[in-house]
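# Geometric and topological summary
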Amino acid sequence: MPKIILDGKEIEFKPGQTIIEAARDAGIDIPHFCWHPKLSVSGNCRMCLVEVEQMPKLVISCATLASEGMVVHTSSPKAVEARNAVMEFLLINHPLDCPICDEAGECKLQEYAYAHGRGESRFEEMKVRKEKRIQLGPYIKFDAERCILCSRCIRFTDEIAKSHQLTFIKRGDKVTITTFPGESFDNPYTLNTTDICPVGALTNQDFRFKARVWEMSKTNSICIGCARGCNIEIWVRNNQILRLTPRYNEDVNSYWMCDNGRLNTFKFVNSDSRIDGPFVRRNGLLEKVSWEEALSEASNKLKKYKGNEIAFIGSAYATNEDNFMFIKLAKLLDVKKVMFARHIKEGDQDDILIREDKTPNSLGAELIGLMPINENLLNELFEEISTGKIKVLYIIEDDIFGKYENLKELAKKLELIIVHATNKNITTEFADILFPASTYAEKHGTFVNFQGRVQRIRPAVATVELDRALDGMSMSRWDKFGTPFDRWMQGKKYDAKPSWKILTSISTKLGLKIKYEMAEDVFEDIANTIDEFKGLDYDLISNNGIKIKNKAYEYIK
Amino acid sequence: MNIWELVIITIVKILIAITTLLLSVAYMVYFERKISAWAQNRLGPNRVGYKGLLQPFADVFKLLLKEDIVPQAANKTLHTLAPFISLFVAFATYAVVPIGPSINIFGKEIKLVAADVNIGILYVLALTSLGVYGVTFAGWSSGSKYSLLGGIRSSAQMISYEVSMGFSIAGVLLLSESLRPIDIVNAQYGWMWNAILQPIGFITFVVSAFAETNRLPFDLPEAEPELVGGYHTEYSSFKFAGFFLAEYANMIIASCLIVTLYLGGWQIPYIDKLGLNATVTTILQVGAFLFKTAFMLFVFIWVRWSIPRFRYDQLMNIGWKVMFPLSLVNIIWVALLIMIFKI
Amino acid sequence: MVAKKRKKNLNFFERIYIVEIIKGMILTLKNMFRPKFTMEYPEVKFEPPASYRGRPVLVLDENGVERCVACGLCSRVCPALAIEVQAAETEYEKERYPEKFEINMLRCIFCGFCEEVCPEEAIVMSKDYELVYTNREDAIYGKDKLLVPIEQLRDRIEFLRKFK
Ligand code: SF4
Ligand code: SF4
Ligand code: SF4
Ligand code: SF4
């Protein structure tokens, strides 16, 4: 491979790479604002100026192709001087907003100002004032003063979201960003611009002023908004999720995620409708009971029925571990009907990220051995319930009654309905025994996305059974030094458990000899029994996921 | 005098002695705090009662109302016993201290001492050695390293200084030719105070007395900066109060002994030459005794705020290499005195 | 290690320290009769100078609005983690204000870092040293107790402008 010499170090590059890309591959970060690895080069911020020997002037490393033998200096006096000058220019009109700016703490301008700034301004005139609270789209606030006109957001809408909604207008120090007249910045991916905006000009309306970035802990996880399974980070403070951000994974979602996933897949975790502790129906009313009581009740009642009197409905929202234990219990009880429901939103799909299948794990559920519910299966189920053949329904983590309204009528015929649910929904209203299930943000587990990629989720929010420190969850400074007397440690902890744990307890009560301590143990069993998962473990899946072996799964409806 | 009279008189004397001792201990604490404050340009306790005079009672009530905590690792029996040993020793020593000559009440001659023992001085020495046990038990039984260190230091210190103390007293005994405290006092008629006749012995005895009572600059057994509280680290509430009382009681007794042995006891030089009525003389003499004791107590507190604590090695050095030889020198000196003036 | 030599070799009389001890005792004795410094607190109160660091308070500007913009810097810098801030949006120009601002006075160590870091001169150390509470909850001061009109804080703010 050809080589360039960067700051005296020889680094290799692929032909066609620019200097900044080559440096980045070698782990060297050349300061930059407008360049983004996934966007076209615009070269307008001039921050990435470097000195190349035998070139008459400094060059911008984002637009200069690397060539064999090039000698590049990123920190020669000339380069540093140029960079400092660029910083000074940028700061002339940039407001002193850091204390009220959501970007502070993860702001490129702030970081570079710290590294390259003069520390004081030579500029005595008034700064240019622009509008500070422009509602650019439904979820985005734009602060024109803070914008450094890097055009990343414009290029994003043109090249990635392909909605061509943003543009520069005006000239000189009046330049600003706007949508075309009468249009709102409302494509399904708008919030990605808040991530790539190097400053705090574009901010997430939903997260606005909720917390400072350094107050939160972040946990690597997977978005449950659709079958894409975008890699995300969950940001938590006081045991409450405050925002989700995409996490780079070239094979799944690159740097992006959709607005729906970002905004609508975490609020249920900390909502009032959470089920807190197990419930059992007594005299027609759901009554809170102890875990032991609920578990014995469930196992005692299940014991009374024959396998063909029971139907099991798993979930494409549940992890592989949950579904696997569900099938184990089904086998123990000799249940034949073990299914799960798909949640398809016809037409809501594009070739960027969004998938029609709105569950994160339907492929996983299928691979583990659940039957997807289709017309025939559904009719058969209805039939058997109405004739009284099936007397028991065991549903985990899915609002089956909400999806199949007919069931509401048939519920009277059923003698026992056991439900695991995270939040109250129509199904939970019909439950005889209701177990509180941990949400995806409260447990370890795996999902299989539509590409056949196994990806891990991790607990970001603590439930009663979890302890941040002891269970190795990520911790902010506040978590580390808090005591039970501090208000910031008193965030609500729900009394919920992952479904696989609940199912394991019931199975043991019914005589099955298994000993799962952790989700990892269950996964080990999955890897041992199911072909597609052979040889996998949590360490291999790690942060970026791993594609299932043998078959190249492409999701077929 | 029949036996019953004797018993009643003795009981009354004991009661009076104990009450005055307790009261004086209480006010000792008060004055200690006051004088400490003055030495530091502060006011000291001044809230409870007039000028804070009820402060000692507030202190005692506070201590009594506190929770009694016994560490889990403690030896419960000894832990409880230790403060009582200390208290007992302190109070028992008081029995042989004469506060004045005999007095005539209802035609009976009553000696102003609880027990006129003819080996009084031996009795004192024996009891003070017993006192070590209280401290050592406390240190050992608490199950805490600080207490243990405090206890060990205390026993080493007391044993070391007891030697020079004993030798200093030997000088006194040579002159008085009696072990009975009253005789010792009588032997110091006029200006023949032992402090004047044998100044070296006086100094060694006073220093040893400081060491024996664990007072600054010899308070290593409870050196706060290093040992938290020393042997009483693990004590609270009433038991702590026990040690507290014992410490002050010891101080008072040490002062009494210094006065009896070296400062002429109740003697006021040549008061008999004034030809006063016998009762008045006695009262004046008792007053003199109390005054002298009070002055010694003041010296105790005064020294506390003037002289810093010794290091442990220095303490041992002084004990064995300075005080002990000095007390021997003192005996020789006294022997010489006797040879020259009495033979 | 070689023991350090004393600068001066003391002679015998100096080494027995008797004279020094007596001098020391006389000094103590003298002190006992000097005037006392004690202030008898509830009756006589200490009026601290501007440099005094009493409990931290929030400045309530002349227009009746708090200066704080809930940037959370004080909360970040606080070595004792005493401060908890929750921001919210306002209509005023400064965009945000503290919806919740709590200082746990049991945690606060009166270091004054919060005052030093505040970009808005919004939190300053007051002269208030009379802090009493009977349970943990009472020790957490909310905005109601923290906001103090600027008039009462003038000399501290002047002091800061001069010396910070
Ligand atoms: S964009 Fe960055 S530099 Fe500008 S105010 Fe926000 S945090 Fe500060
Ligand atoms: S809003 Fe942000 S991303 Fe867009 S041009 Fe301005 S600084 Fe760049
Ligand atoms: S540093 Fe100042 S402005 Fe920021 S939150 Fe604290 S008091 Fe408010
Ligand atoms: S004075 Fe120090 S400890 Fe107290 S709140 Fe301010 S920064 Fe925290």
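Residues numbered from 1 in each chain as written. Chains lettered and ligands numbered in written order. Predicted model: local features only at pLDDT ≥ 70, side-chain atom pairs only at ≥ 80, totals over all residues. Heavy atoms only, no water.

So, about the overall build of chain C. Within chain C, the regular secondary structure consists of six helices and six strands. Secondary structure elements of chain C occur, N-terminal to C-terminal, as α-α-β-α-β-β-α-β-β-α-β-α. Taking 164 residues into account, the globule formula puts the C-alpha radius of gyration at 15 Å, and chain C, at 25 Å, lies well above it. Along the first, second and third principal axes, the C-alpha atoms of chain C reach 85 × 50 × 35 Å. Of the accessible surface of chain C, which amounts to about 10,500 Å², a share of 57% is contributed by carbon and sulfur atoms. Within chain C, one finds 28 positive and 27 negative side-chain charges whose respective centroids are separated by 16 Å. (Helix = DSSP H or I, 4+ residues; strand = E, 2+ residues; numbered from the N terminus. Rg over C-alpha atoms; globule rule 2.2 N^0.38 Å. Areas by Shrake-Rupley, 256 points an atom, 1.4 Å probe, with all protein chains shown as cover. Lys, Arg positive; Asp, Glu negative; His and termini not counted. Charge placed at Lys NZ, Arg CZ, Asp CG, Glu CD.)

Residue and element names in this part refer to chain A. Taken in spatial order, the three strands line up as 22-23-24 in an open sheet, and their pairing is antiparallel. The open sheet is flanked by strand 22 (445-448) and strand 24 (546-547), the only strands paired with a single partner. Pairing of strand 23 (residues 453-457) with strand 24 involves two bridges; the strand directions are antiparallel. Paired with Val-454 across the bridge in strand 24 is Ile-546. (Pairing = 2+ DSSP bridges.)

If you check the shell around ligand 2, you find 14 residues, and the closest are Cys147(A), Cys150(A), Ser151(A), Cys153(A) and Cys197(A). Classifying every residue of the shell around ligand 2 by side-chain character gives 12 nonpolar, one polar and one charged. (Near = heavy atom within 4 Å. Nonpolar A, V, L, I, M, F, W, Y, C, P; charged D, E, K, R; others polar.)

Along the chain, the position of Ile18(B) falls in helix 1 (residues 3-39). Sequence separation between Ile18(B) and Gly52(B) is 34 residues; the distance between their C-alpha atoms is 24 Å.

This part is about the side chain of Arg262(A). All names here are of chain A. Along the chain, the position of Arg-262 falls in helix 6 (residues 259-264). According to the relative accessible area criterion, Arg-262 is buried, its value standing at 2%. Arg-262 has contacts with Leu-191, Asn-192, Thr-194, Asp-195, Asn-204, Leu-244, Thr-245, Pro-246 and Met-257, leaving out every residue within four places of it along the chain. (Buried < 20%, exposed > 50% of the residue type's maximum accessible area, 1.4 Å probe, protein only. Contact = heavy atoms within 4.5 Å.)

The next subject is the interface of chain C and chain B. Between chain C and chain B, the contact holds 16 residues from the first and 14 residues from the second. Between chain C and chain B, a total of about 1,400 Å² is buried, with carbon and sulfur atoms accounting for 66% of that surface. Three residues, Met25(C), Met32(C) and Lys36(C), lead the burial of chain C against chain B; their summed loss comes to 42% of the area buried on that side. Taken together, chain C and chain B are joined by two salt bridges. (Buried area = accessible area lost by both parts, 1.4 Å probe. Salt bridge = Lys/Arg side-chain N within 4 Å of Asp/Glu carboxyl O.)

For the rest of this paragraph, the subject is helix 12 (residues 312-342) of chain B. Every α-helix winds through 3.6 residues per turn, so residues three or four apart in the chain are directed the same way. Residues and elements named next belong to chain B. For helix 12, which comprises 31 residues, the first-to-last C-alpha distance of 43 Å matches the rise-based estimate of 45 Å (1.5 Å per residue) to within 8%. Along helix 12, the residues that are buried comprise Leu-315, Met-316, Ile-318, Gly-319, Met-323, Ser-327, Asn-330, Val-334, Leu-337 and Ile-338. As for helix 12, its buried residues are in contact with helix 5 (145-176), helix 7 (194-197) and helix 8 (199-212). (Expected span 1.5 Å × (residues − 1).)

A word on the pattern of salt bridges. Under the counting rule described, the total for this entry stands at 65 salt bridges over all chains. The partner of Lys301(A) in a salt bridge is Glu297(A), and the shortest N-O contact between them spans 3.0 Å. In this pair, Lys301(A) and Glu297(A) are both assigned in helix 7 (residues 291-303), four residues apart and thus about one turn of the helix distant. Residue classification places Lys301(A) among the partly exposed residues on the basis of a relative accessible area of 28%. Notably, a salt bridge pairs Arg156(C) with Glu115(C), separated by 2.7 Å at the nearest N-O pair. With Arg156(C) in helix 6 (residues 154-163) and Glu115(C) in helix 4 (residues 113-117), this residue pair connects regions lying 41 residues apart in the sequence. Salt bridges linked by common partners bring Asp97(A), Arg129(A), Lys132(A), Asp143(A), Glu145(A), Arg146(A) and Glu93(C) together as one network.

Take the pairing of strand 19 (residues 392-396) of chain A next. All names here are of chain A. In terms of burial, strand 19 is largely enclosed, as five of its five residues are buried. The alternating pattern of strand 19 places Val-392, Tyr-394 and Ile-396 and Leu-393 and Ile-395 on opposite faces, both of which are buried. Taken together, the four bridges between strand 16 (residues 310-313) and strand 19 define a ladder with parallel strand orientation. Counterpart to Ala-311 in the pairing with strand 19 is Leu-393. Inspection of the sheet shows strand 19 paired to strand 20 (residues 416-421) by five bridges, in the parallel sense. The residue bridging Ile-395 from the neighbouring strand is Val-419, located in strand 20.

Often, the extent of an interface is quoted as the loss of accessible area upon association of its parts. Each domain of chain A was delimited in the assignment, giving domain 1 (3-91) and domain 2 (279-462 + 496-543). Distance between the C-alpha centres of domain 1 of chain A and domain 2 of chain A: 53 Å. (Domains from an automatic or database assignment.)

Turning our attention to the site of ligand 4. Surrounding ligand 4, one finds Cys78(C), Pro79(C), Ile83(C), Cys108(C), Ile109(C), Phe110(C), Cys111(C), Gly112(C), Phe113(C), Cys114(C) and Met125(C). The residue inventory of the shell around ligand 4, partitioned by class, reads 10 nonpolar, one polar and no charged.

Before going further, it helps to spend a moment on the nonpolar core. Counting residues in each nonpolar core, the largest one holds 61 residues, and the members touching the most others are Tyr161(B), Phe205(B) and Leu261(B). Examining the composition of this core, we find that 13 residues originate from one element, helix 10 (residues 237-262) of chain B, more than from any other. Excluding residues that lie within four positions of it along the chain, Tyr161(B) makes contacts with Val207(B), Ser208(B), Ala211(B), Glu212(B), Phe218(B), Leu315(B), Ile318(B), Gly319(B) and Met323(B). Core analysis: the second largest hydrophobic core is formed by 53 residues, Phe326(A), Val338(A), Ile396(A) and Ile514(A) among them. (Core = buried A, V, L, I, M, F, W, Y, C linked by side-chain atoms within 4.5 Å.)

Another aspect to go through is the sheet that holds strand 10 (residues 202-204) of chain A. Residues and elements named next belong to chain A. Strands sit in the order 6-7-10 across an open sheet of three strands; the sheet is antiparallel. Taken across any chain shown, the strands that pair with only one partner, and hence form the sheet edges, are strand 6 (134-137) and strand 10. Across the sheet, the mean angle separating the axes of adjacent strands is 40° when strand polarity is ignored. With three bridges joining them, strand 6 and strand 7 (residues 140-142) adopt antiparallel strand pairing. Across the sheet, the residue bridging to Gln-135 is Lys-141, located in strand 7. (Axes fitted to C-alpha atoms, helices over the stretch in contact; angles between N-to-C directions.)

It is worth spelling out the arrangement of the chains at this point. Contacts are most numerous, across the two pairs of chains in contact, for chains A and C. Spatially, chain A and chain B are disjoint, and the shortest separation between their C-alpha atoms is 25 Å.

Okay, the interface of chain A and chain C next. Taken residue by residue, the interface counts 26 residues in chain A and 30 residues in chain C. At the junction of chain A with chain C, the criterion picks out eight salt bridges. Two residues, Asp102(A) and Arg96(C), come together in a salt bridge whose shortest N-O distance is 3.6 Å. Counting across the chain A and chain C interface gives 15 residue pairs in polar contact (both at pLDDT 80 or more). Ranked by residue count, the leading element in the side of chain A that touches chain C is helix 14 (residues 477-481) of chain A, at three residues. Among the residues making up the side of chain A that touches chain C, the classes are represented as eight nonpolar, three polar and 15 charged. (Polar contact = N/O pair within 3.5 Å; in protein donor to acceptor, adjacent residues only side chain to side chain.)

Further remarks concern the pairing of strand 3 (residues 96-104) of chain C. Residue and element names in this part refer to chain C. The pairing of strand 2 (residues 83-89) with strand 3 spans seven bridges and is antiparallel. Within strand 3, the position partnered with Ala-87 by the bridge is Pro-98. Once strand 2 ends, the chain turns through six residues before running back antiparallel as strand 3, passing Glu-95 with a positive phi of about 70°. Across two bridges, the pairing between strand 3 and strand 5 (residues 140-141) is antiparallel. Its bridge partner being in strand 5, Asn-104 is matched across the sheet by Ile-140.

Any two aromatic rings considered together are summarised by their centre-to-centre distance and by the angle between their planes. Summed over the entire model, instances satisfying the criterion amount to 35 aromatic pairs over all chains. A connected cluster of aromatic rings, assembled from ring pairs, spans Phe156(A), Tyr248(A), Tyr255(A) and Trp256(A). Over the aromatic face of Phe450(A) sits the side chain of Arg355(A), whose NZ or CZ is 3.9 Å from the ring centroid. Between the NZ or CZ atom of Arg136(C) and the centre of the ring of Phe485(A), over which it lies, the distance is 3.4 Å. (Phe/Tyr/Trp six-rings, centres within 6.5 Å; stacked < 30°, edge-to-face > 60°. Lys NZ or Arg CZ within 6 Å of the ring centre and 35° of its normal.)

What follows covers a nonpolar patch on the surface. All names here are of chain C. There is a patch of nonpolar side chains on the surface, built from Phe-12, Phe-13, Ile-16, Ile-18, Val-19, Ile-22 and Ile-26 and spanning about 680 Å² of accessible area. Of all the secondary structure elements, the ones that give two or more residues to the nonpolar patch are helix 1 (12-15) and helix 2 (18-32). Of the residues forming the nonpolar patch, the biggest block, four residues, is contributed by helix 2. Among the secondary structure elements, Ile-18 is positioned in helix 2. (Patch = residues over 30% accessible without salt bridge, like charges linked within 9 Å, V, L, I, M, F, W, Y side chains within 5 Å.)

Residues and elements named next belong to chain B. Along its 22 residues, helix 4 (residues 120-141) runs 32 Å from first to last C-alpha, staying within 8% of the 32 Å computed at 1.5 Å per residue. Along helix 4, the positions that sit buried rather than exposed are Gly-120, Ile-121, Val-124, Leu-127, Thr-128, Gly-131, Val-132, Gly-134, Val-135, Ala-138, Gly-139 and Ser-141. Those residues of helix 4 that are buried are in contact with helix 3 (76-93), helix 5, helix 6 (181-187), helix 8 and helix 10. A positive backbone phi angle near 70° is found at Gly-143, which sits one or two residues after helix 4.

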